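Residue-level structure breakdown
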Amino acid sequence: IPTRPNVDSLTTTRLELIPLDEAQLALAASDWQALEATLGLAPGSHALSPPEKRAIASKRRKLAANPEAIGWLTYWLLVERKNRQAAGMCGFKGMPAAGEVEVGYGTFPRHRGRGYMTEALATLLSWALAEMTDLRVLAETAPDNRPSQRVLEKVGFTRLREREASDAIWWVYE
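Attention in this report is confined to the structure presented alongside it. The residue numbers shown here count from 1 along each chain, following its written sequence. At least 70 in pLDDT is required for a residue's local features to be given in this predicted model, at least 80 for side-chain atom pairs to be given and counted, and no such filter applies to totals for whole chains, interfaces and linings, which use all residues. As a convention, hydrogens and water are excluded, and side-chain values are obtained from all of the structure's heavy atoms.

Right, let's talk about the pairing of strand β2 (residues 15-19) for a bit. Taken across its five residues, β2 has five buried, putting it largely inside the fold. Taking every second residue as pointing to the same face, both faces of β2 are buried, with Leu15, Leu17 and Pro19 on one and Glu16 and Ile18 on the other. Criterion used throughout: strands pair if DSSP finds at least two bridges between them. Secondary structure elements are taken from DSSP: a helix is a run of H or I of four residues or more, a strand is a run of E of two residues or more, and numbering for both begins at the N terminus. Sheet topology places strand β1 (residues 10-11) next to β2; two bridges connect them, and they run antiparallel. Paired with threonine 11 across the two strands is glutamate 16, which belongs to β2. Hairpin connection of β1 to β2: three residues between the antiparallel strands. Partly exposed describes any residue whose relative accessible area lies between the buried limit of under 20% and the exposed limit of over 50%, with all areas from a 1.4 Å probe on protein chains only and scaled to the type maximum.

Turning to its location among the elements, glutamate 80 is positioned in strand β3 (residues 76-80). By definition, residues are in contact when any of their heavy atoms lie within 4.5 Å. The contacts of glutamate 80, once residues within four sequence positions are left out, are Arg14, Leu15, Gln85, Ala87, His111, Arg114 and Tyr116.

Take the pairing of strand β6 (residues 136-141) next. Where a strand is regular, its side chains alternate between the two sheet faces. Sheet analysis places strand β5 (residues 100-107) next to β6, joined by three bridges and oriented parallel. Note that in β6 the partner of glutamate 102 across the bridge is leucine 138. The crossover handedness rule: strands pointing away from the viewer, path from first strand over the helix to second strand clockwise, crossover right-handed. In this view, the connection linking β5 to its parallel neighbour β6 by way of helix α5 (residues 116-131) has right-handed handedness. Looking at chain direction, β6 and strand β8 (residues 169-173) are connected through five bridges and run antiparallel.

This next bit is on α5. Expected helix span is given by 1.5 Å per residue-to-residue step, counting one fewer step than there are residues. The end-to-end C-alpha distance of α5 is 23 Å, a good match for the 22 Å that 16 residues give at a rise of 1.5 Å each. With 12 of its 16 residues buried, α5 lies for the most part within the structure. Three or more residues of α5 are buried, namely Tyr116, Met117, Thr118, Glu119, Ala120, Leu121, Thr123, Leu124, Leu125, Trp127, Ala128 and Glu131.

One non-glycine residue, arginine 84, adopts positive backbone phi at about 55°. Residue placement: arginine 84 occurs in the loop between β3 and β4 (86-92). Phi at alanine 98 is positive, roughly 55°, even though this residue is not glycine. Here alanine 98 lies in the loop between β4 and β5. By relative accessible area, which is 88% here, alanine 98 ends up exposed.

Residues enter a nonpolar core if they are buried and are Ala, Val, Leu, Ile, Met, Phe, Trp, Tyr or Cys, with the set joined through side-chain atoms within 4.5 Å. Among the nonpolar cores identified, the biggest contains 50 residues, and Trp72, Leu77, Phe92, Leu124, Trp127 and Phe157 are the most heavily contacted of them. No other element matches the eight residues that α5 contributes to this core.

Every axis corresponds to a line fitted to the C-alpha atoms, with the helix fit spanning only the stretch in contact, and the corresponding angles, defined between N-to-C directions, vary from 0 to 180 degrees. Orientation of helix α1 (residues 22-30) relative to helix α3 (residues 50-65), taken along the N-to-C sense of each, is 160°, at an axis distance of 9 Å. With respect to α3, the axis of α1 lies roughly antiparallel. Where α1 crosses over α3, the handedness of that crossing is left-handed. Between α1, through Glu22, Leu25, Ala26, Ala28 and Ala29, and α3, the contact on the second element is made entirely by Lys53, Ile56, Lys59, Arg60, Leu63 and Ala64. Partitioning the contact of α1 with α3 into residue classes produces seven nonpolar, no polar and four charged. Note that the term roughly parallel is reserved for angles under 35 degrees, roughly antiparallel for angles over 145, roughly perpendicular for angles of 65 to 115, and oblique for everything else. Definitions for this section: a left-handed crossing has its near helix turned counterclockwise from the far helix by less than a right angle. A right-handed crossing has that turn clockwise. Residues are grouped as follows: Ala, Val, Leu, Ile, Met, Phe, Trp, Tyr, Cys and Pro are nonpolar; Asp, Glu, Lys and Arg are charged; all remaining types, including Gly, are polar.

The following block contains the structure:
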């Protein structure tokens, strides 16, 4: 699997996607305002929840063990280019295995409904397919999370299956 030690940010019309390194992930989990200051962002755009902090801790462990795979193992911070505010995060849930990888994402509450995640996810998928051409990307949504399902549909994912207990819907991009 191709990896690069230094992955540049990705730019879209309205967003910059910044791959957070291990030190930036540590700041994100411990002092969000310090992360914003370090990245030159407008202050006060988000406060992390305990589940978000746990997810970041998991990313830090994976990235510390394999720093050259930063693009696959970190969160990419979505930054609005116009006002320099953090709008959300997205990223893969590990290195691709057998040509398959899962993606996760979340838009911060005050930035929802603007199409940012659709724009960011399409850009991240383009990056991933440039890194590994024969790639299948999976995503999971709750059955009642229609906004998240619409993001996936707009980017080109198709519904794969529901879990037996109907607690999740799986999507695939191939």
